[in-house]
Amino acid sequence: LAAMEGEVDTKINDIDTAKWPGAGRAKGFKTDSRCYNIALAAAAKAGGLKGMGMAVDMFDTMSEPGSVSDNTLTVGPEKNLVSYNTMINMLAKNRRKQDAFTIFYSMQQAGVKPDKISY
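Residues numbered from 1 in each chain as written. Predicted model: local features only at pLDDT ≥ 70, side-chain atom pairs only at ≥ 80, totals over all residues. Heavy atoms only, no water.

Overview of the overall build of the chain
Assigned secondary structure in the chain consists of four helices and two strands. Helices (α) and strands (β) of the chain occur, in sequence order from the N terminus, as β-β-α-α-α-α. Of all 119 residues assigned to the chain, the portion counted as buried reaches 34%. Look at the contacts in the chain between residues 6 or more apart in sequence, and 44% of them connect residues 24 or more apart. Counting every atom, the chain has about 7900 Å² of accessible surface; 55% of that belongs to carbon and sulfur. (Helix = DSSP H or I, 4+ residues; strand = E, 2+ residues; numbered from the N terminus. Buried < 20%, exposed > 50% of the residue type's maximum accessible area, 1.4 Å probe, protein only. Contact = heavy atoms within 4.5 Å. Areas by Shrake-Rupley, 256 points an atom, 1.4 Å probe, with all protein chains shown as cover.)

A short note on unusual backbone geometry
At arginine 95, a residue that is not glycine, the phi angle is positive and equals roughly 60 degrees. Locating arginine 95 in the fold gives a position in the loop between helix 3 (81-93) and helix 4 (97-109). Look at arginine 95 and you get exposed, because its relative accessible area is 79%.

Considerations on the pattern of salt bridges
A side chain with one charge can pair with a side chain of the opposite charge if their charged atoms come near. What the rule picks out here adds up to two salt bridges. Among the ionic pairs, glutamate 64 bridges to lysine 79, the shortest N-O distance being 2.7 Å. Of the two residues, glutamate 64 is situated in the loop between helix 2 (48-61) and helix 3 and lysine 79 in the loop between helix 2 and helix 3; the sequence distance between them amounts to 15 residues. Here glutamate 64 falls in the partly exposed class, since its relative accessible area comes to 36%. Close ionic contact of aspartate 99 with arginine 96 constitutes a salt bridge, the shortest N to O distance being 2.5 Å. Residue aspartate 99 is classed as partly exposed on the basis of its relative accessible area, which comes to 29%. (Salt bridge = Lys/Arg side-chain N within 4 Å of Asp/Glu carboxyl O.)

Quick word on the layout of surface pockets
Over the atoms, a rolled probe matching the size of one water molecule traces out where space is still vacant. There is about 210 Å³ of room inside the second largest pocket. Ala41, Ala44, Lys45, Gly47, Gly48, Asn85, Thr86, Asn89, Met90, Lys93, Asn94 and Ile117 together form the lining of the second largest pocket. When contributions to the lining of the second largest pocket are tallied by element, the ones reaching two or more residues are helix 1 (33-46) and helix 3. At five residues, helix 3 tops the list of elements feeding residues into the lining of the second largest pocket. (1 Å grid on protein atoms, 1.4 Å probe; cavity = no way out; pocket = protein on both sides within 12 Å on 5 of 7 lines; lining within 4 Å. Points joined across faces, edges and corners; volume = space filled by probe spheres on them.)

Re the packing of helix 2 against helix 3
Interhelical geometry of helix 2 versus helix 3 gives an angle of 150 degrees and a closest axis separation of 11 Å. In terms of their interaxial angle, helix 2 and helix 3 are classed as roughly antiparallel. Taken as a pair, helix 2 and helix 3 cross one another with a handedness that is left-handed. When helix 2 is examined against helix 3, the residues Met52, Ala55, Val56 and Phe59 are found in contact with a partner set consisting of Ser83, Tyr84, Met87, Met90 and Leu91. Class assignment for the residues of the contact of helix 2 with helix 3 results in eight nonpolar, one polar and no charged. (Axes fitted to C-alpha atoms, helices over the stretch in contact; angles between N-to-C directions. Parallel < 35°, antiparallel > 145°, perpendicular 65-115°, else oblique. Left-handed = near helix turned anticlockwise from the far one by under 90°. Nonpolar A, V, L, I, M, F, W, Y, C, P; charged D, E, K, R; others polar.)

Below you can see the structure in the form of structure tokens.
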């Protein structure tokens with residue numbers, strides 16, 4: 001995501017990330033919820049504390065549903081049903097039951113309706 005958003009000098013595990021061609025807000029490429037959900041799912045699937053930590057950090061940078069305006073460039077894209085379900089699934093698989101319920105309840109408070117995947 002850092003490369004897609006045009007950030008330079010970003011390192012992951014002490015490895016420099018490549019800059020995405022045409023990336024950066026100034027050049028018109030803007031990451032959206034779909035981009036974040038893909039990265040979120042990859043971090044969740046990586047497993048372990050490191051993968052879980054990356055997923056939580058990414059999820060925390062995303063905006064609450066309904067709080068993003070078109071003029072706001074300082075916040076991440078909105079969380080959606082896929083974002084919430086990814087986190088609930090990851091936390092449940094890692095036996096973090098209370099954290100999974102916390103995400104579930106925050107999803108409901110944000111006005112996102114759960115589906116059969118959520119349960």
